[in-house]
Amino acid sequence: MASMGEQNGVVSTRPVMADNRSFADFEPAVKKPKRNKFAFACAILASLTSILLGYDIGVMSGAIIYIQEDLKINDVQKEILMGILNVYSLVGSCAAGRTSDWVGRRYTIVLAGAIFFLGALLMGFATSYAFLMVGRFVAGIGVGYALMIAPVYTAEVSPASSRGFLTSFPEVFINGGILLGYVSNYAFSKLPTDLGWRFMLGVGAIPSVFLAVGVLAMPESPRWLVMQGRLGEAKKVLDKTSDSIEEAQLRLSEIKEAAGIPQVCTDDVVKVQKRSHGEGVWKELLLYPTPAVRHVLICGIGIHFFQQASGIDAVVLYSPTIFEKAGITSSDGKLLATVAVGFVKTITILIATFLLDRIGRRPLLLSSIIGMVASLTTLGFSLTIIDHSHEKIPWAIGLCITMVLAYVALFSIGMGPITWVYSSEIFPLRLRAQGASMGVAVNRVTSGVISMTFISLYKAISIGGAFFLFAGVAMVATLFFYMFYPETQGKTLEEMEGLFGKFFGWREEAKKLKMKKTMKVSGDGTSNGQIQLGNTTTK
């Protein structure tokens, strides 16, 4: 590089000056931009819908004790009642993709809250097992809508610098809802049996009311607005939800390109193709997918499948049963231990939100799933020892409780939030709503199968054997994630397609994208290719 500068005595110091100016110019960019408060508020309001699922999961784990006593149901009816909401939510998640493309993300959130409100009231006033199942069906549809729409909306309003942080909010609120459900169990456990479980289920309608009020302050998703040709409204939302005006302009340009709208179109309202309302998407997703779309689809569905197949709902829903098997026999003891599970899950998910945009998705996901394998294996080991012992073994009981807490903590630090973040950001704009709804559908079906068969499973292969099985599934997931999942941290939603398509070659594509960005940045503010090369080498 010295020889380049020595070609002209006048210019000999200019590369140094240019390099100094370059570092000075880019110094503010090294500092992470401040959180966009408007995007932060929108993410919180949208993610409130996720409380609905969390509360139902948490409250049913304790309410089922009293439902079984009051309605005199058997174990098969019990596990069906516990897990059927996940199957019912399949209806909502499948319908949510098309609904959100038709009426918008915002009004789909309102619809999710209204349906769950009705379902919670029906469950609270249920007088029989059949009546209770009707309430579960209605609430399940609301949950399906909520699970699909919250991460999609949040991803679409979030700037790239904090998308991981904001898109993890739905999982935060799921965990918050689980904790509220556990607390509700303990709070209403002192009421008469026939009233206690009805109050536990009925108060789940309260978050829906706050959701309906809060959604009035939310803007529509800018990506949905562009898909409808409403560029003027989209620009206003992007100006509010971006870290800078330049970023807002760049995001609008990328969305217009993805939507097939020419960049020269600057009118507030433009005509768009009819397919922007969702037509033809299923054909593009399932019948004639490109290699990139196929890779995205496998990753989006795979992460949802393994999130549930690794046993999280079995631990959360049946934690009182697990603690009973471990040797805790009193109702208060089981409920308090279960509250501890909810508390640990909530704390660790809050920690995870601050790590997603610093450490990245891939390192957190892999470390989380490896830790889950270890904790599940140890939990299976301790439960097997307790199951084959005729007297209490304090160290095994302590190890069992510790491993349950460790498992939910490890899940919540990575696998839990990253599933929603990753699956909501990798799908191309035109396929995002339906693609995300497919992921949620797989999530709910897998969850329903696990939660509706857990009692039968542990009776067939022992309680320890059930967790050895979950550990085996988590080991397969570890290999799957390592091989196929590229890092998406810091990428714009429209850049995602470039990372996918080569199942085993995505690392090379990621290196090329990084190099391209480096060259682009190092060329800013200069007009000499030699100086660009000098800057790149310096870095």
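On a predicted model such as this, the values are computed, not experimentally measured, just so you know.

A. The arrangement of the overall build of the protein chain in detail. In terms of helices and strands, the protein chain carries 26 helices and 0 strands. Going through the 539 residues of the protein chain one by one, you find that 57% of them count as buried. Of the roughly 22,200 Å² of accessible surface on the protein chain, 67% is carried by carbon and sulfur atoms.

B. Broad picture of the environment of V421. Residue placement: V421 occurs in helix α21 (residues 394-425). On the basis of relative accessibility, which here comes to 0%, the residue V421 falls in the buried class. It is 9.1 Å that separates the C-alpha atoms of V421 and L356, two residues lying 65 residues apart in sequence.

C. Representation of unusual backbone geometry. The phi torsion at K72 lies on the positive side, around 55°, for a residue other than glycine. Relative to the helices and strands, K72 is located in the loop between α4 (50-71) and α5 (75-103).

D. Seen up close, the packing of aromatic side chains. Inspection of every chain in the model, using the stated rule, returns 16 aromatic pairs. Aromatic pair F306 and F480: ring centres 5.5 Å apart, planes at 45°, arrangement tilted. On the criterion of sequence distance, the pair formed by F306 in helix α16 (residues 291-309) and F480 in helix α23 (residues 463-484) is long-range, its members being 174 residues apart. For F306, a relative accessible area of 10% translates into the label buried. Assessed through its relative accessible area of 16%, F480 is described here as buried. Ring geometry for F454 versus F470: centroids 6.4 Å apart, planes at 15°, classification stacked. Of this pair, F454 sits in helix α22 (residues 432-461) while F470 sits in helix α23, and the two are 16 residues apart along the sequence. Taken as a pair, F454 and F470 share a single burial class, namely buried. What links up through ring pairs into an aromatic cluster is the set F305, F306, Y422, F480, F481, F484 and Y485.

E. Structural view of the confidence of the model for the protein chain. Averaged over all residues, the pLDDT of the protein chain is 80; the fraction at 70 or higher stands at 83%. Highest mean pLDDT in the protein chain belongs to α23 (93); lowest belongs to helix α26 (residues 529-538) (35). With pLDDT under 50 throughout, residues 1-31 is counted as low confidence; its partners more than four residues away or in other chains account for 18 contacts. Under a pLDDT of 50 for its full length, residues 524-539 has, in the predicted model, 26 contacts with residues more than four places off or in other chains.

Calculation criteria
- Residues numbered from 1 in each chain as written.
- Predicted model: local features only at pLDDT ≥ 70, side-chain atom pairs only at ≥ 80, totals over all residues.
- Heavy atoms only, no water.
- Helix = DSSP H or I, 4+ residues; strand = E, 2+ residues; numbered from the N terminus.
- Buried < 20%, exposed > 50% of the residue type's maximum accessible area, 1.4 Å probe, protein only.
- Areas by Shrake-Rupley, 256 points an atom, 1.4 Å probe, with all protein chains shown as cover.
- Phe/Tyr/Trp six-rings, centres within 6.5 Å; stacked < 30°, edge-to-face > 60°.
- pLDDT = per-residue confidence, 0-100.
- Contact = heavy atoms within 4.5 Å.

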